[in-house]
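Inside the fold
What follows is the residue order along each chain.
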There are 2 protein chains.
Amino acid sequence: MNEKTTLYHCTADAFHCDFNHEFRIGDLGNAMLNAADMHSTERRFGMTYLNTLNKTWVLSRLAIEMEEIPQEHAHFVIETWVENAMKYFTKRNWDILSEDSSKVYGHGKSIWAMIDLSTREPQDIFAVNEGTITEYVYPEKSCPIADVSRVKTPAMTEYTEFVVKYSDVDVNGHCNSMKYIDHVLDTFSLEHYKQQQLHRLEIAYVAESYCGDTIRIYHLQDETGEHFFRLAKQAGEEETELCRLRITFKNKQ
Amino acid sequence: MNEKTTLYHCTADAFHCDFNHEFRIGDLGNAMLNAADMHSTERRFGMTYLNTLNKTWVLSRLAIEMEEIPQEHAHFVIETWVENAMKYFTKRNWDILSEDSSKVYGHGKSIWAMIDLSTREPQDIFAVNEGTITEYVYPEKSCPIADVSRVKTPAMTEYTEFVVKYSDVDVNGHCNSMKYIDHVLDTFSLEHYKQQQLHRLEIAYVAESYCGDTIRIYHLQDETGEHFFRLAKQAGEEETELCRLRITFKNKQ
């Protein structure tokens, strides 16, 4: 760790674990977002500061790849840093490690945009704090997983639905990025999770949804076993795409 | 703090907060359960140890009363201790305080039973570790909120429904105690939470539910403004009561 990275300490407390006594992926994703917020807040480009400028960060794409899931009561750390900053996008990565760094649980990669809170238009990242974000860019640190793609999905017709509720909505006032993942992972049975562990998850965000929206989760598993999802909100006959996911599982050991 | 209490440190990280930038009650309840698990694990009567004896703790009743909700980025602590231990029940309390103890956010009271994992029958608490739990009983420490009642509810006919999913299920293999609260709080609109803050919540647990169960949330607000809920699972024409809640809100300042 150096001044360019932040270490966020986690414990796989009992009630953050699933029935397998493994840390829940939704909680892991949330912890990664919290680590990102802590990292950016400490360097004065966090959401709370951006809100005073009528701006915020939005997550554009995210990949999480897990070798192993932290078990109940495990202490672990999430290290996060900014790999690159461009005018309209930053790349942020994460390492998920045991507390003594001897074990790698997994990694994450992501792309973020900065938007104006009123117009929702992309903002020039370097215009904030005279571009001091560049002082924290750390391209030398490697993150050994494949880049996060745009997530192309095949045509899909089968779907389940959910309605966005109070607990789905985060500080940004819309459905939380990780909650889409929670709702997608909830489409699998307990039987599935007894046998399979999440290996890689990719999500590309397209539009936002709000409390009360009805969301369709389209799903298709292709012949290689890979799972594709497309989430869309309904307004009469119209459908607005919200995000696309690609998920692979591996057999539990 | 002395050897009879455990301090569990929390931060109201951005993504544990609701759209009001306040720590989510569901996450607070979960943190209280995690503090309880840490306290009991440190003293060798935690769930993980009990599981080796084919036993576990089940939450029978819980009350949470909040003066104020921790705001985004606040550091706070949850102190927990056992007020009393009887043959079949223990009473556990919580204080929710600012990190320097100068501010009281709220308190919690609860009643727990120990059950056999196979028969689900109540077990003699003093039979575990030769009753050493009594060394940690701390009746001298006061908890200044009303005791948790059996929660009597009026007759109710209006209901909404939800289905128990993977993310609702905890390490005990059934729907998590706090998830019932989450689903109940999700029946209120964002508009409600703009104006009202949770003041007191009481819940009495009756039976367990499992992944795939369809749960009815019966609701009635009486003439004093108090909210009553009864959750029941459906199996054909039959209905099994799961838990009963009584919730009061107060106007936000």
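Residues numbered from 1 in each chain as written. Chains lettered and ligands numbered in written order. Predicted model: local features only at pLDDT ≥ 70, side-chain atom pairs only at ≥ 80, totals over all residues. Heavy atoms only, no water.

What follows concerns the domain arrangement of chain A. Residues and elements named next belong to chain A. Each assigned domain of chain A is listed here: domain 1 (6-136) and domain 2 (159-251). The centre of domain 1, based on its C-alpha atoms, is set 20 Å off from the matching centre of domain 2. Both sides of the domain 1 and domain 2 interface together cover about 1,900 Å² of buried area, and 55% of this is carbon and sulfur. The largest share of the area that domain 1 buries against domain 2 comes from Phe19, Leu62 and Glu65, three residues that together contribute 25% of it. Inspection of the domain 1/domain 2 interface yields three salt bridges. Here aspartate 182 makes a salt bridge to arginine 24, at a shortest N to O gap of 3.1 Å. Where domain 1 packs against domain 2, one counts ten residue pairs in polar contact (both at pLDDT 80 or more). Among the secondary structure elements, those contributing two or more residues to the side of domain 1 that touches domain 2 are α1 (25-42) and β2 (55-66). (Domains from an automatic or database assignment. Buried area = accessible area lost by both parts, 1.4 Å probe. Salt bridge = Lys/Arg side-chain N within 4 Å of Asp/Glu carboxyl O. Polar contact = N/O pair within 3.5 Å; in protein donor to acceptor, adjacent residues only side chain to side chain. Helix = DSSP H or I, 4+ residues; strand = E, 2+ residues; numbered from the N terminus.)

What follows covers the packing of aromatic side chains. Evaluated as defined, the whole model comprises 24 aromatic pairs over all chains. Measuring from centroid to centroid gives 6.4 Å for phenylalanine 45 of chain A and tryptophan 57 of chain A, while their planes differ by 75°, and the two rings are edge-to-face. Of this pair, phenylalanine 45 of chain A sits in the loop between α1 and α2 (47-52) while tryptophan 57 of chain A sits in strand β2, placing them twelve residues apart in sequence. The burial state of phenylalanine 45 of chain A is the same as that of tryptophan 57 of chain A; both residues are buried. With a centroid separation of 6.2 Å and 80° between ring planes, the pair formed by phenylalanine 188 of chain A and tyrosine 193 of chain A is classed as edge-to-face. Each member of the aromatic cluster is reached from another via a ring pair, and the members are Phe19, Phe188, Tyr193, Phe229 and Phe249 of chain A together with Tyr166 of chain B. Taking the ring centre of tyrosine 136 of chain A as reference, the NZ or CZ of arginine 43 of chain A above it sits at 5.5 Å. When the ring centre of tyrosine 49 of chain A is taken as origin, the NZ or CZ atom of arginine 44 of chain A, which lies over that ring, is 4.6 Å away. (Phe/Tyr/Trp six-rings, centres within 6.5 Å; stacked < 30°, edge-to-face > 60°. Buried < 20%, exposed > 50% of the residue type's maximum accessible area, 1.4 Å probe, protein only. Lys NZ or Arg CZ within 6 Å of the ring centre and 35° of its normal.)

Turning our attention to the interface of chain A and chain B. Listed by partner, the interface residues are 35 residues for chain A and 35 residues for chain B. The interface formed by chain A and chain B contains zero salt bridges. The interface formed by chain A and chain B holds 17 residue pairs in polar contact (both at pLDDT 80 or more) in total. Breaking the side of chain A that touches chain B down by element, the ones donating at least two residues are α1, α2 and α4 (190-195) of chain A. Partitioned by chemical class, the residues of the side of chain A that touches chain B number 15 nonpolar, twelve polar and eight charged. (Contact = heavy atoms within 4.5 Å. Nonpolar A, V, L, I, M, F, W, Y, C, P; charged D, E, K, R; others polar.)

Let us look at the sheet that holds strand β7 (residues 196-205) of chain B. Residue and element names in this part refer to chain B. Taken in spatial order, the ten strands line up as β1-β3-β4-β5-β2-β7-β10-β9-β8-β6 in an open sheet, and their pairing is antiparallel. Both outer strands of the open sheet, β1 (6-11) and β6 (159-163), are each paired with one neighbouring strand and no more. Taken pair by pair, the neighbouring strands of this sheet meet at an average axis angle of 25°, ignoring direction. Here helix α3 (residues 177-185) sits on the sheet in contact with β2 (55-66), β6, β7, β8 (214-221), β9 (227-235) and β10 (238-251), set at roughly 135° to β7. (Pairing = 2+ DSSP bridges. Axes fitted to C-alpha atoms, helices over the stretch in contact; angles between N-to-C directions.)

Right, let's get into the relation of the copies chain A and chain B. For the match of chain A to chain B, the screw axis carries a shift of 0.0 Å, the RMSD comes to 0.0 Å, and the turn is 180°. The symmetry that links the two subunits is that of a two-fold axis. When C-alpha distances to the rotation axis are compared across chain A, the minimum falls at phenylalanine 162 of chain A, with a value of 4.9 Å. An overlap of 100% is found between the interface residues of chain A and their copies at the interface of chain B, pointing to a shared contact surface. (Least-squares fit on C-alpha atoms with pLDDT ≥ 70 in both.)

On to helix α1 (residues 25-42) of chain B, then. Look at α1 of chain B: 25 Å from first C-alpha to last across 18 residues, which is about the 26 Å you get at 1.5 Å a residue. Arginine 44 of chain B, located one to two residues past α1 of chain B, shows a positive phi value of around 65°. (Expected span 1.5 Å × (residues − 1).)

This part covers the sheet that holds strand β6 (residues 159-163) of chain A. Residues and elements named next belong to chain A. Strand order in the open sheet formed by ten strands is β1-β3-β4-β5-β2-β7-β10-β9-β8-β6, with antiparallel pairing between adjacent strands. Two strands in the sheet have a free side with no partner beyond their single neighbour: β1 (6-11) and β6. Pairs of neighbouring strands in the sheet enclose a mean axial angle of 25°, with direction left out of account. Pairing analysis gives six bridges linking β1 to strand β3 (residues 75-85), with the strands arranged antiparallel. By the bridge assignment for β3, cysteine 10 is matched with phenylalanine 76. α1 rests against β1, β2, β3, β4 (90-98), β5 (104-116) and β7 (196-205) of the sheet, and its axis sits at about 55° to β3. Packed onto the sheet, helix α3 (residues 177-185) meets β2, β6, β7, β8 (214-221), β9 (227-235) and β10 (238-251) and runs at close to 135° relative to β7.

This paragraph deals with the pairing of β10 of chain A. Regular strands have side chains that alternate between both faces of the sheet. Residue and element names in this part refer to chain A. Taken together, the nine bridges between β7 and β10 define a ladder with antiparallel strand orientation. Among the inter-strand pairings, tyrosine 205 is bridged to a residue of β10, identified as cysteine 243. For β9 and β10, the ladder comprises nine bridges, and the chain directions are antiparallel. Of the residues in β10, the one forming a bridge with glutamine 234 is glutamate 239. A loop of two residues connects β9 with β10, the two strands running antiparallel in sequence, and glycine 236 in this loop sits at a positive phi of about 65°.

All names here are of chain B. Here lysine 179 is to be found in helix α3. Despite its burial, lysine 179 pairs with no opposite charge; the closest candidate is aspartate 168, at 4.2 Å N-O. Ignoring anything within four residues of it in the chain, the contact list for lysine 179 reads Ser167 and Asp168. (Lys, Arg positive; Asp, Glu negative; His and termini not counted.)

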